[in-house]
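# A structural walkthrough
Below are the chains, spelled out letter by letter.
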Amino acid sequence: MTTKFDYDVLYIGGGHGSHDGAAPLAGTGVRVGVIESGLMGGTCTNRGCNAKIALDEAVKLTRESNRLGDILNHHQMTINWSRNIAHKQDIIDPLPAGLEQRLTSNGATIIRGHARFQDAHTVVVDGKQTVTADKIVIATGLKPHRLDIPGTDLAHDSTDFLNLQKLPARITIIGSGYISMEFATIANAAGAKVTILLHGDTVLRHFYQPYVKAVVEDLKQRGVTFVANANVQSFAKTGDHLEVAYGDHQQLATDWILDATGRIPNLDDLGLENVNVDYDRHGIQVNDHLQTTETNIYASGDVIKSTQPKLTPAATFESKYLMQLFSGETTAAIDFPVTPSVVFTSPRIAQAGMSVDDGKQQGLTISTNDLAHYWYYRIDKEPLAASTQIHDQDGHLVGVTEISDQAPEAINTLLPAIEFKFSPAQVNRLVGLFPTLGYAAWHRA
């Protein structure tokens, strides 16, 4: 590294695409700066994953309580929305300070404000402070997409939902992805009348559709309305409520609208026109070293144009890879591991490795287990529980997907078998704790 710049490595953005690698990198003696205009930790920590799972805990408990019924000596559980929101805030409020402490205790400098490139080695923060660096990492993540229709300012995004102090009686959600389905699950469980307006007719298109359809059917039975091919045209304020125009001159009265039509790269006013960084609406173009078309500028996390899933663990892996690259620990190209994904509906759907459809196309062995009748899943009376495994010709587990309340833990348990290609003999040598979910999962490896 050179001393002609203020920093050896400067990160733009304080989410998992930066801080997970920036802190240990600073600990090696590299001069590290992190520019962040908001709370350290970015979307996941403050207005995404952590907040969502904190709110969902009450949903999970009410579901299990209702299933167990008169085994428990109490009346039916209900969710107190305002107290649940307050609990969520208690969980996430301390997190940014903890991340800042980790950065600064390792020697990194935190710079507050919005960064804009002046040239390949220089950024200007809030139009006032000039900062230079040998290498710069763009880790600005994604931001909510907004529909370009009349009245779009009447709709809200995921951050607004997670901060709702009072739950509206009627909520309309536009979209068919993670955010739509997870927030519909939470709002419905808390007592709101939820309507989901779909652009097409497919929900959670990256997940195994038989399991998705089971979740959709369960939500319908709980009162959630799905409108396929809705063709949403406008939002309007009418008296004390909102109106959504959709379909063929149809109107839907509602109290609150969530625009969950996706997330797009957060590249606003970064000054990329001043540097040689190629990007498009899908994100920043990088090579196999996460290097952009400007050789000293890199990108990490969800802002990258990549086939990797835009998930927190993937951003963390990229950030840690850059730490190894910048510290001289490696010169190799990034080698992505198997990255699992999950949607936190009730039940959850989780998956890792090869998809069932790809496995079928390749003629691999596909097996399905009806876990609802497996004794361990009967403990809390799960009505929707199944798993599908894909094995190659040599018996290696190469893919798995599960629908159940326990799905994330089951997939995490099986992940090493897929990533490290455990043979059947190696799997048989693993003697797990019994009775546990992990023990049950290994029987499917």
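Before reading further, recall that the structure is shown in the block above.
Our subject in this report is the structure included herewith. (Residues numbered from 1 in each chain as written. Predicted model: local features only at pLDDT ≥ 70, side-chain atom pairs only at ≥ 80, totals over all residues. Heavy atoms only, no water.)

A sheet is described by the order of its strands in space; here three strands give the open sequence β11-β12-β13, paired in antiparallel fashion. If you trace the sheet from one side to the other, it starts and ends with β11 (234–238) and β13 (250–254), each paired once. Within this sheet the neighbouring strands show an average axis-to-axis angle of 30 degrees, counted without direction. The pairing of strand β12 (residues 241–246) with β13 spans five bridges and is classified as antiparallel. Each bridged residue has a counterpart across the sheet, and for L242 the counterpart in β13 is T254. (Pairing = 2+ DSSP bridges. Helix = DSSP H or I, 4+ residues; strand = E, 2+ residues; numbered from the N terminus. Axes fitted to C-alpha atoms, helices over the stretch in contact; angles between N-to-C directions.)

Attention now moves to unusual backbone geometry. In this chain, S346 is followed by P347 through a cis amide linkage whose omega measures 0 degrees. For P347, the position within the fold is in the loop between β19 (341–343) and β20 (348–353). Residues other than glycine seldom take positive phi values, yet D126 does so here, at roughly 55 degrees. Secondary-structure assignment places D126 in the loop between β5 (122–125) and β6 (129–138). In the Ramachandran plot, L290 falls in the positive-phi region, its phi being about 60 degrees despite a non-glycine side chain. With respect to the secondary-structure elements, L290 resides in the loop between β17 (283–284) and β18 (297–299).

To continue, consider the nonpolar core. A general feature of soluble globular proteins is that nonpolar side chains tend to end up buried together. Among the nonpolar cores identified, the biggest contains 47 residues, and L10, Y11, V32, F117, V123, I138 and F326 are the most heavily contacted of them. If near-sequence neighbours (up to four positions away) are discounted, F117 is found in contact with I12, T122, V123, I136, I138, L270, G271, L272, N274, V275 and I297. The next biggest cluster of nonpolar side chains, apart from the first, holds 45 residues, and it includes L55, I79, L164 and A187. (Core = buried A, V, L, I, M, F, W, Y, C linked by side-chain atoms within 4.5 Å. Buried < 20%, exposed > 50% of the residue type's maximum accessible area, 1.4 Å probe, protein only. Contact = heavy atoms within 4.5 Å.)

Turning next to the pairing of strand β23 (residues 397–404). Where a strand is regular, its side chains alternate between the two sheet faces. By the criterion of burial, β23 is predominantly enclosed, with seven of the eight residues buried. Strand direction decides the pairing type here: β20 and β23, joined by six bridges, are antiparallel. Bridge pairing links I349 to I403 in β23. Note: strand β22 (residues 386–391) against β23, six bridges, orientation antiparallel. When the sheet's bridge partners are listed, Q389 is paired in β23 with V400.

Before going further, it helps to examine the packing of helix α3 (residues 49–68) against helix α7 (residues 178–189). Two elements in contact, α3 and α7, have axes separated by 10 Å at closest approach and are oriented at 55 degrees. By the angle class used here, α3 and α7 are oblique. Helix-helix and strand crossings are classified by hand; for α3 and α7 the assignment is left-handed. Between α3 and α7, the contacting residues are K52, L55, D56, V59 and R63 on the first element and E182, F183, T185, I186, N188 and A189 on the second. Partitioning the contact of α3 with α7 into residue classes produces five nonpolar, two polar and four charged. (Parallel < 35°, antiparallel > 145°, perpendicular 65-115°, else oblique. Left-handed = near helix turned anticlockwise from the far one by under 90°. Nonpolar A, V, L, I, M, F, W, Y, C, P; charged D, E, K, R; others polar.)

This brings us to the sheet that holds strand β8 (residues 170–174). Working definition: the strands of a sheet are paired by backbone hydrogen bonds and lie parallel or antiparallel to each other. Pairing is parallel across the open sheet formed by four strands, whose spatial order is β10-β9-β8-β14. A strand with exactly one partner marks an edge of an open sheet, and here the two such strands are β10 (225–227) and β14 (256–259). Put simply, the sheet's adjacent strands are angled 20 degrees from each other on average, direction ignored. Bridge analysis of β8 against β14 gives four bridges, and the strand direction is parallel.

What follows deals with the packing of α3 against helix α4 (residues 81–92). Packing of α3 against α4 brings their axes to within 9 Å, and their N-to-C directions diverge by 140 degrees. Taken together, α3 and α4 sit at an angle that is classed as oblique. Crossing geometry of α3 relative to α4 is assigned as right-handed. For the pair α3 and α4, the contacting residues are N50, A51, A54, L55 and A58 in the first and W81, N84, I85, H87, K88, I91 and I92 in the second. Residue composition of the contact of α3 with α4, by class: eight nonpolar, three polar and one charged.

Further remarks concern the side chain of E318. Take E318: it is sitting in helix α9 (residues 312–326). Buried charge without a salt bridge: E318, with K310 as the nearest opposite-charge side chain at an N-O distance of 7.6 Å. Here G301 takes part through its backbone nitrogen, which lies 2.7 Å from a polar atom of the side chain of E318. Those residues in contact with E318 that lie beyond four places of it in its chain are L290, S300, G301, I304, I334 and F336. (Lys, Arg positive; Asp, Glu negative; His and termini not counted. Salt bridge = Lys/Arg side-chain N within 4 Å of Asp/Glu carboxyl O. Polar contact = N/O pair within 3.5 Å; in protein donor to acceptor, adjacent residues only side chain to side chain.)

Further remarks concern the environment of Y377. Within the element layout of this structure, Y377 appears in the loop between β21 (365–370) and β22. Judged by its relative accessible area of 0%, Y377 is buried. Between the alpha carbons of Y377 and Q406 there is a distance of 8.4 Å; along the sequence they are 29 residues apart. Those residues in contact with Y377 that sit more than four places away from it in its chain are L371, E382, A385, E402, S404, Q406, A410, L437 and R444. A polar side-chain atom of Y377 sits 2.8 Å from a polar atom in the side chain of E402.

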